[in-house]
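Analysis of the macromolecular model
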Amino acid sequence: MSMPATLTLTRPDDWHLHLRDGAALRAVLPYTAAQFARAIVMPNLKPPVTTASQAIAYRERILAARPAGSDFTPLMTLYLTDTTTPAEIARAKAAGVVALKLYPAGATTNSDDGVTDIRKTRATLEAMQREGLLLLVHGEVTDPAVDIFDREAVFIDRVMIPLRRDFPELKIVFEHLTTREAAHYVRDADAHTAATITAHHLLYNRNALFVGGLRPHFYCLPILKREEHRQALLAAATSGSPKFFLGTDSAPHAAALKEASVCGAGCFTAPAALELYAEAFEAAGALARLEGFASHFGADFYGLPRNTGCVTLLRQPRTLPEQLPFGEVTIKPLLGGQELNWSLQPGWS
Ligand code: DOR
Ligand code: ZN
């Protein structure tokens, strides 16, 4: 098999990212801005970003936190609640907000204000369908009777299929797929349905959570699944289908919060996001398909122009720092202290 020494791609975008706020935002944004031209910014702040004016203010704080000379563009989202109004959708559209995020209440970090019953949002979803705003879905049921490893598959039957039927023209992104059921659902769905896949779900199965002891840095939601699911995700990501595209779900938490008796959910992958995806695609013999997944299909689905300019990955091993500054405290990137096969060349052309 040929082993290219460099891989040049159209500048990629991250279609699912947590940037947080304040000092945390200033600490993590440079990693993403060094790799991606744009990112879909998740709205699960405390309190959540639920109005157009909050999204405008958050966008300003992100722009102010960019490293000097960066042209990184944040693409803003609103956090959908039971009480989001159609009028707010019109204001969001006018403000340049591109999507709303559906968190089932209680599903994950800062989701307490999420949707308790999707039927309560009908008029708002109709407004989104009309205005062309996308719906981004955290696809897990919260029913405590459903096993945590089954929550995504059950969500398809209980929520996705009715949603798809009731709003056929709404563009829906099934975020951070983790199961074969979800990968096949999206593959077989119509053209208004797409999905993001994280690097960590392409690289690891649930064994990674337990190698030699409990590994909190591999704990995220939806949780890592069995190997057969990872294989299905890898097949989807490398299939060349434009329905699957890059979304890191990089979700920074302070090291002390991860290494605690109750560990927050989230893998911090921003410092080497593209390198991790390159590892996964190369292992599948599909490096040639990375560009579509990372740089073309997301923009196409969102109806945005593809980026101009390129980034280059070098086959040059690099050891990821074990920890990095995070405001007053520290944060540990996933795979910190380990050697990666690829390095992103600084800058773009
Ligand atoms: O692992 C996760 N972390 N999953 C989510 O859905 C939220 C995210 C976060 O905000 O930390
Ligand atoms: Zn997320």
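So, a few notes on the structure that sits alongside this text.

Side note on the sheet that holds strand β9 (residues 244–246)
Strand order in the open sheet made by the 8 strands is β2-β3-β4-β5-β6-β7-β8-β9, with parallel pairing throughout. Each of the sheet's edge strands pairs with one partner strand only, and the pair in question is β2 (14–17) and β9. Averaged over all pairs of adjacent strands, the angle between their axes in this sheet comes to 30°, without regard to strand direction. Here strand β8 (residues 193–197) runs beside β9; their pairing, made up of 3 bridges, is parallel.

A few points about the side chain of T124
Among the structural elements, T124 can be located in helix α4 (residues 122–131). Discounting residues that sit within four places of it in the chain, T124 has contacts with L80, T84, T85, P86 and I89.

As for the packing of aromatic side chains
Taken as a whole and assessed by the stated rule, the structure comprises 11 aromatic pairs. With a centroid separation of 6.3 Å and an interplanar angle of 75°, the aromatic rings of W15 and F245 are classed as edge-to-face. Note that W15 is positioned in strand β2 and F245 in strand β9, a separation of 230 residues in sequence. Residue W15 is classed as buried on the basis of its relative accessible area of 1%. A centroid spacing of 5.3 Å and a plane angle of 40° characterise the contact between Y79 and Y103, whose relative ring orientation is tilted. Of this pair, Y79 sits in strand β4 (residues 73–79) while Y103 sits in the loop between β5 (99–102) and α4, and the two are 24 residues apart along the sequence. A residue is classified by how much of its surface remains accessible, and Y103, at 1% relative accessible area, is buried. Counting every residue linked through ring pairs, the aromatic cluster contains W15, F245, F301 and Y302. A cation over a ring is seen here: R206 above F149, with NZ or CZ 4.6 Å from the ring centre.

Focus: the side chain of R230
Tracing the backbone shows R230 in helix α8 (residues 227–237). When its relative accessible area of 16% is taken as the criterion, R230 is described as buried. Within the local environment of R230, its side chain forms a polar contact with the backbone oxygen of L202, the two atoms lying 2.8 Å apart. Leave out the neighbours within four places in its chain, and R230 touches H201, L202, L203, Y204 and N205.

A look at the state of the cysteines
This structure, assessed with the given rule, holds 0 disulfides. Among the cysteines around C220, which has no disulfide bond, C267 carries the closest sulfur, lying 4.2 Å off.

Details of the pairing of strand β3 (residues 38–41)
Of the two faces of β3, the one carrying R38 and I40 and the one carrying A39 and V41 are both buried. Note: β2 against β3, 2 bridges, orientation parallel. When the sheet's bridge partners are listed, D14 is paired in β3 with A39. Crossover β2 to β3 through helix α1 (residues 22–35) is right-handed. Each parallel crossover has a hand, and the one from β3 via helix α2 (residues 52–64) to β4 is right-handed.

Conventions and cut-offs
Residues numbered from 1 in each chain as written. Chains lettered and ligands numbered in written order. Predicted model: local features only at pLDDT ≥ 70, side-chain atom pairs only at ≥ 80, totals over all residues. Heavy atoms only, no water. Pairing = 2+ DSSP bridges. Helix = DSSP H or I, 4+ residues; strand = E, 2+ residues; numbered from the N terminus. Axes fitted to C-alpha atoms, helices over the stretch in contact; angles between N-to-C directions. Contact = heavy atoms within 4.5 Å. Phe/Tyr/Trp six-rings, centres within 6.5 Å; stacked < 30°, edge-to-face > 60°. Buried < 20%, exposed > 50% of the residue type's maximum accessible area, 1.4 Å probe, protein only. Lys NZ or Arg CZ within 6 Å of the ring centre and 35° of its normal. Polar contact = N/O pair within 3.5 Å; in protein donor to acceptor, adjacent residues only side chain to side chain. Disulfide = S-S within 2.5 Å. Right-handed = clockwise from strand over helix to strand, strands pointing away.

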